[in-house]
Amino acid sequence: MSAPHRTAEEIGRTAAGPRPVPSLGTQRAAADLSHVDTTLSNGLRVLAVRKPTVPLVEMRVWIPFAGDDKLHPATAEVLAETLLTGTARRDRIEIDADLALIGGDLASGVDPERLAITGTSLADGLPTMLDVLADALTGASYADAEVERERERLIERIAVSRTQPRTIAREALQKHRYGNHPAVREVPQAEDVAIVTPEQVRALHQASVLPRGSVLVLVGDIDPQTVIGDLEKALGGWASDRSAVRLPALPDLAGGNVLLVPRAGAVQSQIRLSAQTVSRTDPRYAALQLANLAYGGYFSSRLVENIREDKGYTYSAHSGFEFTDQTAVVNVDADTATDATAAALMETRYELARLGLVPPTAEEVESVRQYAIGSLVTAASSQAGLAAQLAALAATGLGAEWLAGHPERLAAVTAEDVANAALEFFAPKRFTGVVVGDAEVLAPKLKALGDVTVGEPA
């Protein structure tokens, strides 16, 4: 006879009342990492970490890849799409076959800051994955037919992307924040991609795919000590006296008016606010991280409770950090119906002010602390998650030690620290940003709120 079905509410109660919530266990470090952090003879920084949870290896390569040329974004996108489509030793099919034999995969992507290569394989297939990687880094052929095929696909994807509200809002925010800085050019123009030649792609590879100043992260069932020798052997032919090109420093972001970007007929608006914060190495960062969580960084935050749960202005509201080299900003995102946009912006600003004037209580601070530490430990529990975290840290000069020590820093934050961070970094006047939507409908109400100007159509 099967047991009677009980609802979650029934399970959670006893005759004496609700079941008490179990207390949280002792916090663990984000990772207890056996690792090597060193620089190869070619100038490539390597962070190799042993994590033998499964017999796999995760690889992340981060190559600074900035450029000032007008066609650089388009050429870089074509390069990323065709880097792994053939070399002097292997064509596309041979690359795919060699990786398939080791349960492996390699992929590449690019943005204004870096060229990224991600890979995974069975642990005993690591030599093959490194050989394919080295082959692409030193001998990618960028065959005319491959470049033409990927270029046409890229043009189609760009055309679709540029119709998406999130892409339009992101580009508007970048231009509003940073003007003509190279960081703004995240999505190339389709007409620029159309004129990229294989010769230009090969020239960019020769000039910019460089080891010095780049980072390679390996996480998995490896011996960190011996794998360094394997890397020296595999990547010894990838060398240059020049360093990879880093993105110029971003200007500090000053608060100011929100720019209304007209998008005629839009039934939904995108609210994007942004303010300067501090990097992970700043002593205030841990407190700032908890303040952000309390404001809008997770589902139980004040912003979500206000404009999603209470008032229903948006399905999704969020705040979080964006790191570019040594620069850090906090962003606030919300998509709303047109008729709710002005009210949502008002409440978003209200919650910014309230965070500083009515700071998180001790209970709120403890809640976000447990969430932050738990999320960090969870993210570092998988090989892929740990590799991604370490690659992001290594790109800014940090390493495994910072990650392992961060739960301790979060645990040491006091409610007063969070209150100070909230008052200093979340004041509404520190924020600028954009609202993308139907200006004919939005402009009167947004102007009435104040600190809003109307810009050119998206």
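Residues numbered from 1 in each chain as written. Predicted model: local features only at pLDDT ≥ 70, side-chain atom pairs only at ≥ 80, totals over all residues. Heavy atoms only, no water.

The name given to the chain in an unreviewed UniProt entry is Peptidase M16, with the source organism recorded as Amycolatopsis thailandensis.

Let us now look at the overall build of the chain. Scanning the chain for helices and strands turns up 17 helices and 14 strands. Here the C-alpha atoms of the chain give a radius of gyration of 25 Å, agreeing with the 23 Å that 2.2 N^0.38 yields for 458 residues. Dimensions of the chain, computed from C-alpha atoms along their principal axes, come out at roughly 65 × 60 × 55 Å. Looking at the 458 residues of the chain, the share that counts as buried comes to 51%. (Helix = DSSP H or I, 4+ residues; strand = E, 2+ residues; numbered from the N terminus. Rg over C-alpha atoms; globule rule 2.2 N^0.38 Å. Buried < 20%, exposed > 50% of the residue type's maximum accessible area, 1.4 Å probe, protein only.)

Quick look at the layout of surface pockets now. By volume, the largest pocket is sized at about 580 Å³. Lining the largest pocket are 22 residues; nearest its centre among them are Y285, Q289, F321, L376 and Q389. Within the residue set of the lining of the largest pocket, elements represented by two or more residues are α10 (285-297), β11 (314-324), α13 (362-379), α14 (383-394) and α15 (400-412). A class-by-class count of the residues in the lining of the largest pocket yields 12 nonpolar, nine polar and one charged. A volume near 470 Å³ is recorded for the second largest pocket. W62, D111, E113, R114 and F323 are the residues nearest the centre of the second largest pocket, which is lined by 27 residues in total. Broken down by secondary-structure element, the contributors of at least two residues to the lining of the second largest pocket are β5 (56-64), β7 (114-122), α6 (165-178), β11 and α14. Here the lining of the second largest pocket gets four residues from one element, more than from any other, and that element is β7. The class makeup of the residues in the lining of the second largest pocket is 14 nonpolar, four polar and nine charged. Inspection of the lining of the second largest pocket shows a minimum of three residues originating in each of domain 1 (35-236) and domain 2 (258-454). (1 Å grid on protein atoms, 1.4 Å probe; cavity = no way out; pocket = protein on both sides within 12 Å on 5 of 7 lines; lining within 4 Å. Points joined across faces, edges and corners; volume = space filled by probe spheres on them. Nonpolar A, V, L, I, M, F, W, Y, C, P; charged D, E, K, R; others polar. Domains from an automatic or database assignment.)

For the structure on display, the rule yields 32 salt bridges. For the salt bridge of R202 with E199, the shortest nitrogen-to-oxygen distance reads 3.8 Å. Of the two residues, R202 and E199 are both situated in helix α8 (residues 198-208); the distance of three residues between them amounts to about one turn of the helix. Ionic contacts of the salt-bridge type, sharing partners, join the residues R89, R90, D98, D131 and D135 into one network. (Salt bridge = Lys/Arg side-chain N within 4 Å of Asp/Glu carboxyl O.)

Strands belonging to one sheet form pairs held by backbone hydrogen bonds; the direction of such a pair is parallel or antiparallel. Taken in spatial order, the six strands line up as β11-β12-β10-β13-β9-β14 in an open sheet, and their pairing is mixed. This sheet does not close on itself; its edge strands, each paired only once, are β11 and β14 (452-454). Strand-to-strand twist in this sheet, taken as the mean axis angle between neighbours without regard to direction, amounts to 20°. The sheet contact formed by strand β9 (residues 258-262) and β14 spans three bridges and is parallel. (Pairing = 2+ DSSP bridges. Axes fitted to C-alpha atoms, helices over the stretch in contact; angles between N-to-C directions.)

Our focus in this paragraph is empty space enclosed by the protein. Summed over all chains, the structure comprises three cavities of 30 Å³ or more. The volume enclosed by the largest cavity comes to roughly 100 Å³. Taken together, 13 residues make up the lining of the largest cavity; nearest its centre are H72, P73, D111, P112 and R185. Split by residue class, the lining of the largest cavity holds seven nonpolar, two polar and four charged. Estimated volume of the second largest cavity: approximately 60 Å³. Forming the boundary of the second largest cavity are S279, R280, T281, F323, D325, Q326, T396 and L398.

Sites flagged by UniProt as "domain: Peptidase M16 N-terminal" (unreviewed entry) map to residues 49-185. Across residues 49-185 one finds 49% helix and 19% strand; the C-alpha atoms that close the span lie 34 Å apart. (UniProt positions renumbered as here; feature names shortened; annotations may be inferred.)

Where α13 contacts α15, the axes come no closer than 10 Å and their chain directions differ by 170°. Put simply, α13 runs roughly antiparallel to α15. For the pair α13 and α15, contact is made by R369, A372, I373 and L376 and by L403, H406, P407, L410, A411 and A412, respectively. Its residues placed into classes, the contact of α13 with α15 shows eight nonpolar, one polar and one charged. (Parallel < 35°, antiparallel > 145°, perpendicular 65-115°, else oblique. Contact = heavy atoms within 4.5 Å.)

As a further point, take the side chain of Q270. Relative to the assigned elements, Q270 resides in strand β10 (residues 268-276). A relative accessible area of 1% places Q270 in the buried class. Aside from chain neighbours lying at most four places away, what touches Q270 is P165, A169, A334, D335, V434, V435 and V436.

One can find R60 in strand β5. Here R60 is in contact with I117, T118, G119, V215, L216, V217, A384, A387, A388 and A391, once residues within four sequence places are set aside. For R60, the side chain forms a polar contact with the side chain of E58, separated by 3.0 Å. (Polar contact = N/O pair within 3.5 Å; in protein donor to acceptor, adjacent residues only side chain to side chain.)

On to the UniProt feature "domain: Peptidase M16 C-terminal" (unreviewed entry) in the chain. Per the UniProt entry, the sites bearing "domain: Peptidase M16 C-terminal" (unreviewed entry) are residues 196-370 in this numbering. Secondary structure across residues 196-370 comprises 41% helix and 24% strand; the distance between its end C-alpha atoms is 50 Å.

For the rest of this paragraph, the subject is the environment of S274. Positionally, S274 belongs in strand β10. Given a relative accessible area of 0%, S274 falls into the buried group. As a C-alpha pair, S274 and L253 span 21 residues in sequence and 8.2 Å in three-dimensional space. Apart from residues lying up to four places away in sequence, S274 is in contact with L173, R177, L253, V329, V330, N331, R430, F431 and T432.

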